[in-house]
Amino acid sequence: MQTLQKMRIRQTGTAAKPADPCTLVIFGSSGDMAHRLLVPALYNLAAAGLLPDCFALVGVARADSTEEAFRADLENSLRQYAIGRLNEDVMGRLLSCTAYVCGDADDPATYRKLTKALERVERVRHTRHNRLFYLATPPASFAPIGRNLGETGLAREENGAWRRIIIEKPFGIDLASAQALNRELLELLDERQIYRIDHYLGKETVQNIMVLRFANGLFEPIWNRHHIDHVQITVAETLTVGNRGRFYDATGALRDMVPNHLFQLLSLVAMEPPTRFEAHAVRSEKAHALDAIHVPRDGSVLRDCVRGQYVAARVGDNEVEDYRKTKDVAPDSTTETYVALKLMIDNWRWAGVPFYLRTGKALKARRTEVAIEFKQAPFAMFRDTPVDQLAQNFLVMSIQPDECIGLQFNAKVPGPTVTIAGVNMAFNYRDFFDSGPSSGYETLIYDCMTGDAILFQRADGIEAGWRAVQPFLDAWHQAGSEGLAAYKAGSQGPAEADALMSRDGRRWRPIA
Ligand code: BG6
């Protein structure tokens, strides 16, 4: 490789050990999430030797099925979704420790059956009564499951056994519902037992933002309003709403992506250095950063946001129909499939530095990145030369599809005259590190089994996120279809989003 000399500087840290003995109970075990993501992640953990020998998996779902049929379903999913070649031994071992409970999450009888199943598997598998309950269900079931687990004592920690619950997103649909859900869960469980998941935190390159900032002395001195012009956070997808019309039309791009995934990226960029690399310290700093987002009021709300909806065109080779023609979407829907926001962070580090966020479906390319633009060098020195402008200095943390960190700077073009060109220095993860197959869920499930909550969200962080987006939700609700921009599928998004930037004399980086 030419751009950087390949040198593995001392790798620090110790190799991971298998997690604690435990039983994983998946509520919603017949769903897409369990089959496509969770069970393949368990397989990867088993293949990497990180799943404990004393382990059991209990599926809970409405489907009237048997343990054999459940096992056969899981095997089919593994054959379909596992990344890489399957090791039949590992798969056999994983499938041999499964049990199934049929029942509705609202029905107390389900929890009586679950108690019996747990007594049986815990005896046979010696799991030391440690239990991890994974709520891979529609959000309406989160509170009833939490209540039932609390009331039946299934989640009560006793005799040294731990009991934890993992809750999928969306955690609430607005500030009030997120607060209500937190209140309800915290009446029955301790904050320590609740792991609110955001799969973005399972991505290695997202975790690396913190390491880049805090394990290198180089960045901290310039990571502030004196040197940074602005920050752009982009999560662009080529995917359409597909067959998720019912969920998506009630949710929209803002709720689906911003208070969770985009705010995880924002808080990692904006947070102050935590005193320790430990859950309490890290989560407190992230929550403070979100709490410092300026909450716009009245007039400025609509000025600092753009919402759009895609209309028929091609994305790559595929014809995409109007969002409004998607199955289960209202023909006059005003739900946004694209959102762009300008946010300010009210603290000494970031005062005056805009954070521009955008995310959308059916865009030109799939790209998730955080781009930090540094202030320009004074131009005066080049006034009497042929140089008419300097390229922008961007530090770009690319999360997907490329896992890469790039730095753009100005360099002299070889030759007798002073000519300057912007060049890019790039570090690609795959050039330096080998990593096993992973969807991100491996890390999150493993961390939960070992009791490390650093990559999970605390109640205050969740609520701070909703507080920051609530004014936009309210303003759009009031505005109805007014101000909803249209953009062509396969494009860069609505022209109004470009205007949001150009008004400040800035431009989005192209989605390519
Ligand atoms: C999910 C959203 O949380 O994240 C989806 O509900 C979105 O709408 C997905 O497509 C994006 O995740 P990723 O990992 O593909 O960027």
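Residues numbered from 1 in each chain as written. Predicted model: local features only at pLDDT ≥ 70, side-chain atom pairs only at ≥ 80, totals over all residues. Heavy atoms only, no water.

*Asks:* Hey, could you run me through unusual backbone geometry in this one?
*Replies:* Residue Lys169 is joined to Pro170 through a cis peptide bond whose omega torsion reads 0°. Within the secondary structure, Pro170 is located in the loop between β5 (163-167) and α6 (175-188). Looking along the chain, the bond that leaves Gln400 and enters Pro401 is cis, with omega of 5°. Position of Pro401 relative to the elements: it lies in the loop between β14 (393-400) and β15 (404-412). A positive phi angle, near 70°, is found at Asp328, a position not held by glycine. We note that Ala362 has phi near 55°; this positive angle belongs to a residue other than glycine. Exposure remark for Ala362: the relative accessible area of 0% places this residue in the buried category. (Helix = DSSP H or I, 4+ residues; strand = E, 2+ residues; numbered from the N terminus. Buried < 20%, exposed > 50% of the residue type's maximum accessible area, 1.4 Å probe, protein only.)

*Asks:* Teacher, can you tell me more about the environment of Ser438 here?
*Replies:* Tracing the backbone shows Ser438 in the loop between α11 (429-432) and α12 (441-450). For Ser438, a relative accessible area of 44% corresponds to the partly exposed category. Taking the C-alpha atoms as reference points, Ser438 and Ala41, 397 residues apart in sequence, are found 7.0 Å from one another. When residues no more than four places from it in sequence are discounted, the contact partners of Ser438 are Asn44 and Ile83. (Contact = heavy atoms within 4.5 Å.)

*Asks:* What exactly am I supposed to notice about the site of the ligand here?
*Replies:* Taken together, Lys169, His199, Tyr200, Lys203, Glu237, Arg244, Asp256, Met257, His261, Lys361, Arg366 and Gln400 make up all the residues around the ligand. Between an oxygen atom of the ligand and a side-chain N or O atom of Glu237, the distance comes to 2.5 Å. The side chain of Gln400 places a nitrogen or oxygen atom 2.6 Å from an oxygen atom of the ligand. Notes on the ligand: free accessible area 390 Å², of which the protein chains cover 82%. Per-element accounting of the shell around the ligand gives the leading share, three residues, to helix α8 (residues 245-270). Of the residues belonging to the shell around the ligand, the class tally is two nonpolar, three polar and seven charged. (Near = heavy atom within 4 Å. Polar contact = N/O pair within 3.5 Å; in protein donor to acceptor, adjacent residues only side chain to side chain. Areas by Shrake-Rupley, 256 points an atom, 1.4 Å probe, with all protein chains shown as cover. Nonpolar A, V, L, I, M, F, W, Y, C, P; charged D, E, K, R; others polar.)

*Asks:* Would you take a moment to explain the packing of α8 against helix α9 (residues 279-291) for this structure?
*Replies:* Angle between the axes and distance between the axes: these two values describe a pair of packed helices. Close contact between α8 and α9 brings their axes to 9 Å; oriented N to C, the two are set at 105°. One way to sum up the angle between α8 and α9 is to call them roughly perpendicular. Residues Phe263, Gln264, Leu266, Ser267, Leu268 and Ala270 of α8 form the contact with α9, whose own contacting residues are Lys286, Ala289 and Leu290. Looking at side-chain class alone, the contact of α8 with α9 contains six nonpolar, two polar and one charged residues. (Axes fitted to C-alpha atoms, helices over the stretch in contact; angles between N-to-C directions. Parallel < 35°, antiparallel > 145°, perpendicular 65-115°, else oblique.)

*Asks:* It is not clear to me how the side chain of Glu373 should be interpreted in this structure. Could you clarify?
*Replies:* Tracing the backbone shows Glu373 in strand β13 (residues 367-374). As a buried residue without a salt bridge, Glu373 has its nearest oppositely charged side chain in Arg506, at a separation of 5.5 Å. Discounting residues that sit within four places of it in the chain, Glu373 has contacts with Ile228, Asp229, His230, Gln392, Asn393 and Phe394. (Lys, Arg positive; Asp, Glu negative; His and termini not counted. Salt bridge = Lys/Arg side-chain N within 4 Å of Asp/Glu carboxyl O.)

*Asks:* Before we go on, may I ask you to explain the nonpolar core in this structure?
*Replies:* Looking at soluble globular proteins, one finds that nonpolar side chains tend to be buried together. Among the nonpolar cores identified, the biggest contains 159 residues, and Phe133 and Tyr134 are the most heavily contacted of them. Discounting residues that sit within four places of it in the chain, Tyr134 has contacts with Leu24, Val25, Ile26, Phe27, Met33, Leu38, Ile166, Glu168, Ile197, Tyr441 and Ile445. (Core = buried A, V, L, I, M, F, W, Y, C linked by side-chain atoms within 4.5 Å.)

*Asks:* Teacher, can you tell me more about the packing of aromatic side chains here?
*Replies:* Each aromatic ring pair is specified by the distance between its two centres and by the angle formed by the two planes. In this structure the tally under the stated criterion is 17 aromatic pairs. Centre to centre, the rings of Phe27 and Phe133 are 6.4 Å apart; their planes meet at 35°, and the pair counts as tilted. On the criterion of sequence distance, the pair formed by Phe27 in strand β1 (residues 22-27) and Phe133 in strand β4 (residues 131-135) is long-range, its members being 106 residues apart. On the numbers, 4.9 Å between centres and 80° between planes, the contact of Tyr195 with Phe456 is edge-to-face. Highlighted residues: Tyr195 in strand β6 (residues 194-196) and Phe456 in the loop between α12 and α13 (459-479), separated in sequence by 261 residues. (Phe/Tyr/Trp six-rings, centres within 6.5 Å; stacked < 30°, edge-to-face > 60°.)

*Asks:* Would you mind showing me how to read the sheet that holds β15 here?
*Replies:* Either a parallel or an antiparallel arrangement is found when strands of a sheet pair, and the pairing is made through backbone hydrogen bonds. If you trace the nine strands from one edge of the open sheet to the other, you get β16-β15-β14-β13-β7-β12-β11-β8-β17, paired in mixed fashion. Edge positions in the sheet fall to β16 (420-428) and β17 (484-488), since each has one partner strand and no second. Mean inter-strand twist for the sheet, computed between neighbouring axes without regard to direction, equals 20°. Relative to strand β11 (residues 338-343), strand β8 (residues 305-311) runs antiparallel, the two being bridged by four bridges. In the strand pairing of β11, Arg307 is matched with Val339. Here helix α7 (residues 204-214) sits on the sheet in contact with β13, β14 and β15, set at roughly 145° to β14. Those strands touched by helix α14 (residues 495-502) are β7 (228-236), β8, β11, β12 (355-360) and β17, and its axis lies near 10° from that of β11. (Pairing = 2+ DSSP bridges.)

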